[in-house]
Each structure stands twice: as C-alpha cells, then as structure tokens.
Amino acid sequence: MVRLVRSFFFGRWLRVQGGDVSLIPLLILLAVALAISYFGREKAKVTPLPGPISFAECGNGLRMNCVVDGDTIWATGEKIRLADIDAPEVFSPECDWERVLGERATHRLTELLNEGEVALQTSSSRDRDKYGRLLRVATVNGRSVGDRLVDEGLAHRWGQHQRGWCS
C-alpha cells in the first residue's frame, strides 16, 4: 500500500514523460489546503448588547452609548467603527454637502440603533482599526444598520469610499 501511494504521489508527479506531468497530487494538496483554511477559520462572533440600550448623539460628557457620526458609535463604553460602511464626514468634511449628509447619517444611525435589539458582529480578521476602535457590523433586529444607511444613500459600502461626497 505504501508503495502504491508513494508511486502515485511521487513517481508520477516527479517523472516527466513526453511533457506529461500528473496534476492530480497537486490538485489534491490544493483542495486539502483550501478545506483547512475554510473550515479552520474563526467564525464571526455576534455579541448582543446587554438589555435595552438607548442611543443618543455624543456630546462633551461621558461617552457610554452614543453616536459619534454616521459610522462610529460608543457602546457600553467601547468606541466602535462600523466595519461595513463609510459615511460622510461631520468633523472634517471636504465640502458643505458632505457635512450636511454626515449630519443626516448621524441622526439616522441614532434612530436605527434605537429601533430594537442591537448586536455587534465581528467582520474580518482584524479586531481593531489603526485608531484602536473595535471593527464591528451593527445589526438591529437581525438586519445590518450599514445596509440600511447604504440603501438610503447616507453611506457607501466599505471599499467604495474612493467615491467622494462632494462631486
């Protein structure tokens, strides 16, 4: 049996006869590697926020459960960047229209977060961004808040942020 396996994997694979190389062992190894990476990856974690939480827009005081702008919130004392969207800037907009849209996105995100049970889900291999904010997808009653903001024209999907708000 060992001889058969050795012959199959190494004899055919390494021996070139008339330019014909068996790709079966290579394809098997590739399939095994893909299966290990798929089944071995960490599954997204969903963390429901404890109890009914009311969100307001952030002010100058304690930031416990509040909305900073259209894609950043504070929840249970942790600063969180919504990982699936990019909203217009409120604090350093490139034009007046971006500031107006940013304020609308901030108000709408506050409304959406207050519609039901909020849960935060990991979205990528990174847990935090370069500013130390947690990267999460926020859902309310099982639906992505980011998807709703994109549908309403108040945010872009993450990765499409090269499209500016001022043009």
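All figures in this text were calculated on a predicted structure; none of them were measured in a lab.

A. Highlighting the nonpolar core. Counting 25 residues, the largest nonpolar core has Phe55, Ile73, Leu109, Leu113, Val145 and Leu149 as its most contacted members. Residue assignment for this core shows that the elements contributing at least two residues are strand E4 (72–75), strand E5 (78–82), helix H3 (96–113), strand E7 (118–121), strand E8 (134–140) and helix H4 (145–151). Of the residues forming this core, the biggest block, five residues, is contributed by H3. For Ile73, the residues in contact, after removing those within four places along its chain, are Phe55, Cys66, Val67, Val68, Glu78, Lys79, Ile80, Leu109 and Leu113.

B. Fine view of the state of the cysteines. Counting across every chain of the model gives two disulfides. Here Cys58 connects covalently by a disulfide to Cys66, the sulfurs 2.0 Å from one another. Judged by the torsion about the S-S bond (85°), the Cys58/Cys66 disulfide is right-handed. Residue Cys66 is classed as buried on the basis of its relative accessible area, which comes to 6%. With cysteine numbering restricted to those in disulfides and following the sequence, the protein has the pairing 1-2, 3-4.

C. Molecular detail of the pattern of salt bridges. Considering all chains together, one arrives at twelve salt bridges under this definition. Here Glu103 and Arg99 are joined by a salt bridge, their closest N and O atoms 3.3 Å apart. Of this pair, Glu103 and Arg99 both sit in helix H3, four residues apart, roughly one helical turn. For Glu103, a relative accessible area of 32% corresponds to the partly exposed category. In this structure Arg99 comes out as partly exposed when scored by relative accessible area, which is 31%. Through salt bridges with shared partners, one network takes in Arg108, Glu111, Glu115, Arg148 and Glu152.

Here is what the cut-offs are and how they apply
For every chain, the first residue of the written sequence is number 1, and numbering continues from 1 onward in sequence order. In keeping with the model being predicted, local features are shown solely for residues with a pLDDT of at least 70 and side-chain atom pairs are shown and tallied solely at 80 or more, while totals for entire chains, interfaces and linings include all residues. To get the side-chain values, all heavy atoms of the structure are used, and hydrogens and water are removed first. Buried Ala, Val, Leu, Ile, Met, Phe, Trp, Tyr and Cys residues that are joined via side-chain atoms within 4.5 Å together make up what is termed a nonpolar core. Partly exposed residues are those whose accessible area sits between 20% and 50% of the maximum for their type, while under 20% is buried and over 50% is exposed, using a 1.4 Å probe and protein chains only. Put simply, DSSP H or I for four residues or longer makes a helix, DSSP E for two residues or longer makes a strand, and each gets a number counted from the N terminus. Here a residue-residue contact requires only that any non-hydrogen atoms of the pair lie within 4.5 Å. When the sulfur atoms of two cysteines come within 2.5 Å, that pair is taken as a disulfide. Take a side-chain nitrogen of Lys or Arg and a carboxyl oxygen of Asp or Glu: if they are within 4 Å of each other, that pair is a salt bridge.

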